[in-house]
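# Fold and contact review
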Amino acid sequence: MLPAVVAGGALAVGAFALLPSTALAGTSAPAQHRSATQADFEAAAAEYQVPVSVLLGVARQESGLQSHPGYSNNAGWGLMNLTDATLEMLQKGPSGIPAHSDLTSAAKHPELHTLLTAAKLTGIPADDLRHNRRDNLRGGAALLASYQKQLTGGTSDNPSDWAGAVAKYSQMANEKAAQSFVSDVFASIRSGVSEATSEGQRVTLAADPSATPASGQLAKLKLAKAVGPATPAECPKSMDCQFVQASSTGVQVSNRPANGIKLTQIVLHTTEGSYDAAIRTFQGPNATAAHYVMRSSDGAVTQMVSDKDVAFGDGNYDSNLHSIQIEHEGFSAFGAQWYTDAVYQQTAKLVKYLAERYDIPLDRQHILAHDNVPGGKTADLAGMHWDQGNEWDWTRFMKKLGAPFDDGTSGAGPVGSVVTIAPTFAKNLQTFTVCPADDPTGGTTECTPKTVPASSLFVHQGPSEDSPLILDANVHPSATSGTNDVSDWSTTVQAGQQFVVADQQGDWTAIWFDGQKGWISNPQGRNTVPTTGVQIITAAGATTAPVYGTAFPDPSEVPAGWGADPQNPLTAPNYGIPAGQAYVADQPPVNGQDFFPSRQGVVTGAKQYYTVQFNHRYVYVNAADVTATTA
């Protein structure tokens, strides 16, 4: 795999706000309200005669207004994502290219060294461009100005004249990907921005509704044009998508949702390898498949299974039956280096498009990662995959979907109330152990702890850091506690998941989790948000309510000879809802369904099942076995 080019299409962590269109076009906050970062943007823009709206818009797309510390496998730095990849980095980093035949040549790609180009243009030392915010912005402005002069002969006060320079800054070689980057930059300029950087500094820009990219400028860049596929990809028109058919072994031909199979989930994955390798694998013999594969560098997508068909993506046929699967290039153990700003941006576009098209709820029981999907039967529970892992920023992503679960109202309510897990990603530093088995690149030779920003919190057996992690005896037979292994999904909760408060002691909140009382660190309630309007699920009687990994009809409801799938409860230790415990469902129950491809037959059962957040994964419960009350 060739090293990725500069990641564009960034998504920001801070809240995004539309400013009134009547505001003066392209102006910033009043001087008395300007942050230091705002002042640095304005100074850099003025020094190199770049409209401040263009500079800020490009920074927002490149970095999500997060100060990148040598980010991703192209080593992007600062708010302007100035790149500085080295030969050593390509050889040793989790880039997926250690076997490339010509790393020396690959390391010379100019798109991997925009920081060095900026140093030549400005005379600013490279280390200052990496670590000094104002110098980083000056370097980005100098690059934009140099591109503008190359393309048009001079600079301009009109943002619309900068389309070609913006496209060249993205370093995207594909015309459609570059157009998408430019479109997103100008969308920010037109609507205005009020957003916090990763340092907590707010930057603002008033709306400029007249800003539209000048036509024809991108033609000067001689970008590669996509060849129209025989089968059009089912993507938003602004996305760089192609269709390549997966092997038939990973697909069941269906006609969802026209045949009655309701699509209720979108499941995100990590390829644990390169983009090209995933596409080849899904085309190979005896392969599984996903509907979409996304490239890390620019968010380009290859669709491999039509939405109407079932892809064998996540090891649970019930989930496959009702879901669309999206694979992301990268490695779960190094998610922060692979889940680029472009990936957040383009995944949000694709998920919003699919959710609207198929009426899929935009919440964390329906927008999932593979690690949230349970095994369909007891024997499969422990072996289910753990991608996306802990380093996918769910808070950021759900905001980009327009479905935020964190409105800033942190806290924990009384026992019996519901909370949503909502740690601040950048500040929530957790230590995980990465072992050789967790790292398909081969770069990890012994189990090594690493501390990273995370979407997850550890669940303990008691209210202290010294207390053992909660034990899922099915995952860790004969053990007394869980582990902090990066692959151990059984000991963590994730941002956006919802649980019922079971107890409170000092800085610790207990939740009902995995059939047990589990404790999460929650000083002053900062890691949770009180939640109302969802359904609290309790056992209907004095006995434990069974839980399921699937929601199939009863076999007696399936015509004879069709080969009904069993619908049996999960019987692993603690798998059930005992009397006195409570769990959360955020959507009404649905009827169980199954699909029989040889007959193209769909059977809908009489029983209805709630999707319930049980531990790190969801489970199903029969509505007749439980009582639901509104939180």
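Residues numbered from 1 in each chain as written. Predicted model: local features only at pLDDT ≥ 70, side-chain atom pairs only at ≥ 80, totals over all residues. Heavy atoms only, no water.

## Considerations on the nonpolar core
- One finds Phe-41, Val-50, Leu-55 and Leu-144 to be the most contacted residues of the largest nonpolar core, which totals 51 residues.
- Among the elements of the structure, helix H1 (36-48), helix H2 (52-63), helix H5 (114-122), helix H7 (133-152), helix H8 (163-170), helix H9 (175-191) and strand S5 (202-205) are those that each provide at least two residues to this core.
- Looking at this core, the element that brings in the most residues is H7, giving 8 residues.
- Grouped together as the second largest cluster of nonpolar side chains are 42 residues, Trp-338, Ala-454, Val-475 and Ala-545 included. (Core = buried A, V, L, I, M, F, W, Y, C linked by side-chain atoms within 4.5 Å. Buried < 20%, exposed > 50% of the residue type's maximum accessible area, 1.4 Å probe, protein only. Helix = DSSP H or I, 4+ residues; strand = E, 2+ residues; numbered from the N terminus.)

## Points about the state of the cysteines
- The full count for this structure, using the stated rule, is 2 disulfides.
- Residue pairing for Cys-235: its cysteine sulfur links by disulfide to Cys-241, the two sulfurs lying 2.3 Å apart. Here the S-S torsion is close to -100°, and the disulfide linking Cys-235 with Cys-241 is therefore left-handed. With respect to burial, Cys-235 and Cys-241 carry one shared label: buried.
- Taken N- to C-terminal, the disulfide-bonded cysteines of the protein chain are connected 1-2, 3-4. (Disulfide = S-S within 2.5 Å.)

## Quick notes on the side chain of Asn-390
- Within the secondary structure, Asn-390 sits in the loop between strand S13 (367-369) and helix H14 (394-400).
- Residue classification places Asn-390 among the buried residues on the basis of a relative accessible area of 7%.
- Separated by 3.0 Å, the side chains of Asn-390 and Ser-456 make a polar contact.
- Not counting chain neighbours up to four residues away, the residues in contact with Asn-390 comprise Phe-425, Phe-432, Pro-453, Ala-454, Ser-455, Ser-456, Val-486 and Thr-492. (Polar contact = N/O pair within 3.5 Å; in protein donor to acceptor, adjacent residues only side chain to side chain. Contact = heavy atoms within 4.5 Å.)

## Some points on H8
- With 7 of 8 residues buried, H8 is to be regarded as a mostly interior element.
- Elements in contact with the buried residues of H8: H2, strand S3 (82-83), H7 and H9.
- Where H8 terminates, the next one or two residues include Gln-171, which has phi positive at roughly 60°.

## Let's talk about the confidence of the model for the protein chain
- Chain-level statistics for the protein chain give a pLDDT mean of 87 and a share of 89% at 70 or above.
- Low pLDDT (under 50) marks residues 90-103, which in the prediction has 28 contacts with non-local residues, meaning those over four places away or in another chain. (pLDDT = per-residue confidence, 0-100.)

## What to know about the environment of Val-603
- Relative to the assigned elements, Val-603 resides in strand S26 (residues 601-613).
- Taking the C-alpha atoms as reference points, Val-603 and Glu-557, separated by 46 residues in sequence, lie 7.7 Å from one another.
- Not counting residues up to four positions away in its chain, the partners in contact with Val-603 are Pro-553, Glu-557, Val-558, Pro-559, Trp-562, Gly-592, Gln-593, Asp-594 and Phe-596.

## Focus on the packing of H1 against H2
- Running from amino to carboxyl end, H1 crosses H2 at an angle of 120°, the nearest separation of the two axes being 9 Å. Compared by their axis directions, H1 and H2 come out oblique. Pair H1 / H2 crosses with right-handed handedness. On the side of H1, the interface is formed by Phe-41, Glu-42, Ala-44 and Ala-45, while H2 contributes Val-52, Leu-55, Leu-56 and Ala-59. (Axes fitted to C-alpha atoms, helices over the stretch in contact; angles between N-to-C directions. Parallel < 35°, antiparallel > 145°, perpendicular 65-115°, else oblique. Left-handed = near helix turned anticlockwise from the far one by under 90°.)

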